[in-house]
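# Structural overview for review
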Amino acid sequence: MMILLMMLACLLFSGALAEDVATATELNVATATELDVATATDLDIQPGEGAAYATVTDLNACTVLGKTGQRQHGGENSLVLTYGASGFTSNFEGTEFWMYVPEMPTWDNDGDGKSEYQTQRIMVLVDTDMPMEAECIYVENPGWYRLASGLEKGSHTITVYKADRGFYGIMAALYLPISRIATDGAFETPNPLKDLVIEVYGDSISNGDAVWTDGKNPQAYTYGAYGGVVARLLGAELRVCGNSGNGLLGWVLAGGANGRLDNLFPPQNSWDKIDPNQISSPWSHEGANAADVVIINLGTNDRVELGNGDLTPEVFTAEYVRFIKQIKTDCPDAMVIGCIGAMDAVKEFSGAIQAAVDEVNQWHGSEFAYYVELQNCRNIKDGMGHDNSHPSQRAHEQYGLQIARLINEKLSLGVELPEEVK
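Each value, and the rule that gives it
Residues numbered from 1 in each chain as written. Predicted model: local features only at pLDDT ≥ 70, side-chain atom pairs only at ≥ 80, totals over all residues. Heavy atoms only, no water. Salt bridge = Lys/Arg side-chain N within 4 Å of Asp/Glu carboxyl O. Helix = DSSP H or I, 4+ residues; strand = E, 2+ residues; numbered from the N terminus. Buried < 20%, exposed > 50% of the residue type's maximum accessible area, 1.4 Å probe, protein only. Core = buried A, V, L, I, M, F, W, Y, C linked by side-chain atoms within 4.5 Å. Contact = heavy atoms within 4.5 Å. Pairing = 2+ DSSP bridges. Axes fitted to C-alpha atoms, helices over the stretch in contact; angles between N-to-C directions. Parallel < 35°, antiparallel > 145°, perpendicular 65-115°, else oblique. Left-handed = near helix turned anticlockwise from the far one by under 90°. Polar contact = N/O pair within 3.5 Å; in protein donor to acceptor, adjacent residues only side chain to side chain.

## Side note on the pattern of salt bridges
Using the criterion set out here, one finds 10 salt bridges in the structure. Note that Arg322 and Glu319 form a salt bridge whose closest N and O atoms lie 3.0 Å from each other. Of this pair, Arg322 and Glu319 are both found in helix α6 (residues 313-330), 3 residues apart, which corresponds to roughly one turn of the helix. Arg322 sits in the partly exposed class, given a relative accessible area of 36%. Lys410 is paired through a salt bridge with Glu409; the nearest N and O atoms lie 3.8 Å apart. Classification of Lys410 as partly exposed rests on a relative accessible area of 34%.

Structural data, given as structure tokens:
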């Protein structure tokens, strides 16, 4: 029944998620008089008279971050934030900054036949790249949102990340379109994309589940997870496909043996797509989009189906090999790292991952793939997250430093890294 509901949710959202090719199109910066400024119905806030406006897809005003698509929403060309750590950064001179959300995903939460807006969380960083210094903002309705105010006059950098990805069906379909930005000053030259590109494919660990808390409940925060740590340490671009509850082939809520694998949405199926259920949402790895490092952290949620007999180590290894070969074919210079252990599963899958690494290195004729065993977060000081199950941000700092050291060594980057996590 649960599988049927999730499939139905995916079908209901299929139209909303049909994103275009994920490459930013340069547009001219618009003046306030050229745009029909909308007023948020839930917020008595909008940019003031004389504000500078730009479309969020304008390369003269923004740098697009992460695995971020584009499509029309509410008649406006929008960035579509689907995965955690997707978003944008903008340099501006001013004291305030706004963004405009043209529409929101909807869902009938209580079965009364009426669809409600689905709240999205964004993490906003101003003049910092340290994840725990972010402000979490809940986006509940279409309209203008003021992301920063009361800043000192002068130049500032604002970075906006979608907090996390989610699960199947309704949760996986929670996208956030952003079409316009504004400041009370002027936009400045945006930052160029960094040369080193790191991609992460994983589950709730990669999604950063329980890294953050709103003071009441644990929250996922992808940029606060180990992928964000690696990117900050090495000065790299980060793209994450972390789908909570998912494994390489199985998933965490699988029941008894049924002769098939239950995972409808393996993260690796998003390698060449924004949404694997939509053939019209391709993601290219050509040119600047080529990945230099790909981190795979899958297997933790495959244990249920391994235990009930629907998955074998041999089948797991075969899919791991297939995915790595796909990566290497599309990105010939890429380094690949296979991880396991942050929430155990070492006994079940370390051998299968090492076997996959050995096979692809032999296939390629040189070493480019590596196995990394992560320490169980339960055995790390202050290593448990806000749900007392997933890794804490401190544990992620340890994992990120461990992986960054390997990348630094194998790619001869020469980056000076800290000796240990503080």
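## Re helix α4 (residues 226-234)
Among the 9 residues in α4, 8 count as buried, and that is most of the element. Taken as a whole, α4 has its buried residues at Tyr226, Gly227, Gly228, Val229, Val230, Ala231, Arg232 and Leu234. Just downstream of α4, Gly235 is the residue with a positive phi angle, here 65°.

## Let's talk about the nonpolar core
Ile198, Ile337, Ile403 and Ile407 are the most contacted members of the largest nonpolar core, which has 44 residues in total. Breaking this core down by element, the ones donating at least two residues are β9 (120-126), β16 (197-202), α4, β19 (237-242), β20 (293-297), β21 (335-340), β22 (369-373) and α8 (393-410). Counting residues per element, this core draws most heavily on α8, at 7 residues. Ile407 has contacts with Ile198, Val230, Leu234, Val293, Met335, Ile337, Ser412 and Leu413, leaving out every residue within four places of it along the chain.

## Focus on the sheet that holds strand β4 (residues 76-81)
A sheet is described by the order of its strands in space; here 3 strands give the open sequence β3-β4-β13, paired in antiparallel fashion. With one partner strand each, in any of the chains shown, β3 (69-73) and β13 (176-178) form the two edges of the open sheet. Averaged over all pairs of adjacent strands, the angle between their axes in this sheet comes to 45°, without regard to strand direction. By the bridge criterion, 3 bridges tie β4 to β13 in an arrangement that is antiparallel. Looking across to β13, one finds that Val80 is bridged to Pro177.

## Some thoughts on the packing of α4 against α8
Look at α4 against α8: their axes get within 7 Å of each other, and the N-to-C directions meet at 50°. In terms of orientation, α4 lies oblique with respect to α8. At the point where α4 passes α8, the crossing takes the right-handed sense. Every residue of α8 that contacts α4 at Tyr226, Val229, Val230, Arg232, Leu233 and Leu234 is listed here: Gln393, His396, Glu397, Tyr399, Gly400, Leu401, Ile403, Ala404, Ile407 and Asn408.

## Quick word on the side chain of Asn308
On the secondary structure map, Asn308 appears in the loop between α5 (303-307) and α6. Among the polar contacts made by the side chain of Asn308, one reaches the main-chain amide nitrogen of Asp310 at a distance of 2.9 Å. Setting aside chain neighbours within four positions, we find Asn308 in contact with Gly255, Gly256 and Ala257.

## Side note on the pairing of β3
With respect to burial, β3 is a largely interior element, 4 of its 5 residues being buried. Relative to β4, β3 runs antiparallel, the two sharing 5 bridges. Within the sheet, the bridge partner assigned to Arg71 lies in β4 and is Ser78. Once β3 ends, the chain turns through 2 residues before running back antiparallel as β4, passing Gly74 with a positive phi of about 60°.

## Overview of unusual backbone geometry
Of note in this structure, Asp344 is not a glycine but carries a positive phi near 75°. With respect to the helices and strands, the residue Asp344 is situated in the loop between β21 and α7 (346-364). Not every positive phi belongs to a glycine, and Asn388 is a case in point at roughly 60°. Here Asn388 shows up in the loop between β22 and α8. Among the residues examined, Asn388 registers a relative accessible area of 51% and is labelled exposed.

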